[in-house]
Amino acid sequence: QVRLVESGGGLVQPGGSLRLSCAASGNIFSPYVMGWHRQAPGKQRELVASITSGELINYADSVKGRFTISRDNAKNTMYLQMNTLKPEDTAVYYCKLSWTQWGMPFDYWGQGTQVTVSS
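Summary of the structure given here. (Residues numbered from 1 in each chain as written. Predicted model: local features only at pLDDT ≥ 70, side-chain atom pairs only at ≥ 80, totals over all residues. Heavy atoms only, no water.)

## Concerning the overall build of the protein
For the protein, the count of helices and strands is 0 helices and 11 strands. Listed by position from the N terminus, the elements making up the protein come as β-β-β-β-β-β-β-β-β-β-β. Dimensions along the principal axes, computed over C-alpha positions, put the protein at roughly 50 × 30 × 25 Å. Looking at the 119 residues of the protein, the share that counts as buried comes to 42%. Taking the intrachain contacts of the protein between residues at least 6 apart in sequence as the baseline, contacts between residues at least 24 apart amount to 53%. With the model as given, the accessible surface of the protein reaches about 6,600 Å², and the carbon-plus-sulfur share is 50%. Of the charged side chains in the protein, 11 are positive and 8 negative, and the gap between their average positions amounts to 2 Å. (Helix = DSSP H or I, 4+ residues; strand = E, 2+ residues; numbered from the N terminus. Buried < 20%, exposed > 50% of the residue type's maximum accessible area, 1.4 Å probe, protein only. Contact = heavy atoms within 4.5 Å. Areas by Shrake-Rupley, 256 points an atom, 1.4 Å probe, with all protein chains shown as cover. Lys, Arg positive; Asp, Glu negative; His and termini not counted. Charge placed at Lys NZ, Arg CZ, Asp CG, Glu CD.)

If you want it as structure tokens, here you go:
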């Protein structure tokens, strides 16, 4: 069974930084995509950034130049370094792991971690 555990959320002032972590465990099939998604109150969940097992990286336009996604394969951990945070970055951030096996999609989500940007 795959398990994803996020950490690193919290309260930060505008312009500040946070680093989120997502530790993955269990049997992970490759190739895969890992990503960070976020959901603000009253809004749909949206993709923030993703990284594939082949190191292809994608960012939402709203975070380009401010957020950096990375992965430590030895630790099975994905990170999201968030700089120059804005109040509109406030949301619950979720880690997601996806792959296709036997022609079927497999999606796993973490429990989420709250990020609040406020003065």
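Don't stop here, the text continues.
## Observations regarding the side chain of Lys 96
When you line up the elements, Lys 96 lands in strand β9 (residues 91–101). Of the side chains with opposite charge, Asp 107 lies nearest to the buried Lys 96, which makes no salt bridge, at 4.2 Å. If we skip the residues at most four places from it in the chain, Lys 96 touches Leu 4, Val 33, Met 34, Gly 35, His 37, Asp 107, Tyr 108 and Trp 109. (Salt bridge = Lys/Arg side-chain N within 4 Å of Asp/Glu carboxyl O.)

## Focus: the nonpolar core
Ranked by size, the top nonpolar core spans 30 residues in total, and within it Leu 4, Met 34, Trp 36, Leu 80, Met 82 and Tyr 93 carry the most contacts. For this core, the leading source of residues is β9, giving 5 residues. When neighbours within four sequence positions are excluded, Met 34 is seen to be in contact with Leu 4, Cys 22, Ala 24, Ala 49, Ser 50, Ile 51, Ile 69, Arg 71, Met 78, Cys 95, Lys 96 and Leu 97. (Core = buried A, V, L, I, M, F, W, Y, C linked by side-chain atoms within 4.5 Å.)

## Examining the packing of aromatic side chains
Going through the model one piece at a time under the given rule, you end up with 4 aromatic pairs. Arranged with centres 6.3 Å apart and planes meeting at 85 degrees, the rings of Tyr 94 and Trp 109 form a pair that is edge-to-face. Taken together, the positions of Tyr 94 in strand β9 and Trp 109 in strand β10 (residues 104–109) put the pair 15 residues apart, joining distant regions of the chain. On the basis of relative accessibility, which here comes to 35%, the residue Trp 109 falls in the partly exposed class. Residues Trp 99 and Phe 106 carry aromatic rings whose centres are separated by 6.1 Å and whose planes lie at 20 degrees to one another, so their mutual orientation is stacked. (Phe/Tyr/Trp six-rings, centres within 6.5 Å; stacked < 30°, edge-to-face > 60°.)

## Thoughts on the pattern of salt bridges
Using the criterion set out here, one finds 5 salt bridges in the structure. A salt bridge links Asp 61 to Lys 64, with the nearest nitrogen and oxygen atoms 3.1 Å apart. Between Arg 66 and Asp 89 there is a salt bridge, and its shortest N-O distance comes to 2.7 Å. Of the two residues, Arg 66 sits in the loop between β6 (57–59) and β7 (67–72) while Asp 89 sits in the loop between β8 (77–82) and β9, which places them 23 residues apart along the sequence. With relative accessibility at 9%, the residue Arg 66 sits in the buried group. Here the residues in one salt-bridge network are Arg 38, Glu 46, Arg 66 and Asp 89, joined through shared partners.

## Let's talk about the sheet that holds strand β3 (residues 18–25)
On the basis of which strands lie adjacent, the open sheet formed by 4 strands has the order β1-β3-β8-β7 and antiparallel pairing. Of all the strands in the sheet, just β1 (3–7) and β7 have a single pairing partner and so form its edges. Across this sheet, the average inter-strand angle for adjacent strands is 15 degrees, counted without regard to direction. Sheet analysis places β7 next to β8, joined by 6 bridges and oriented antiparallel. Note on β8: the bridge partner recorded for Phe 67 is Met 82. (Pairing = 2+ DSSP bridges. Axes fitted to C-alpha atoms, helices over the stretch in contact; angles between N-to-C directions.)

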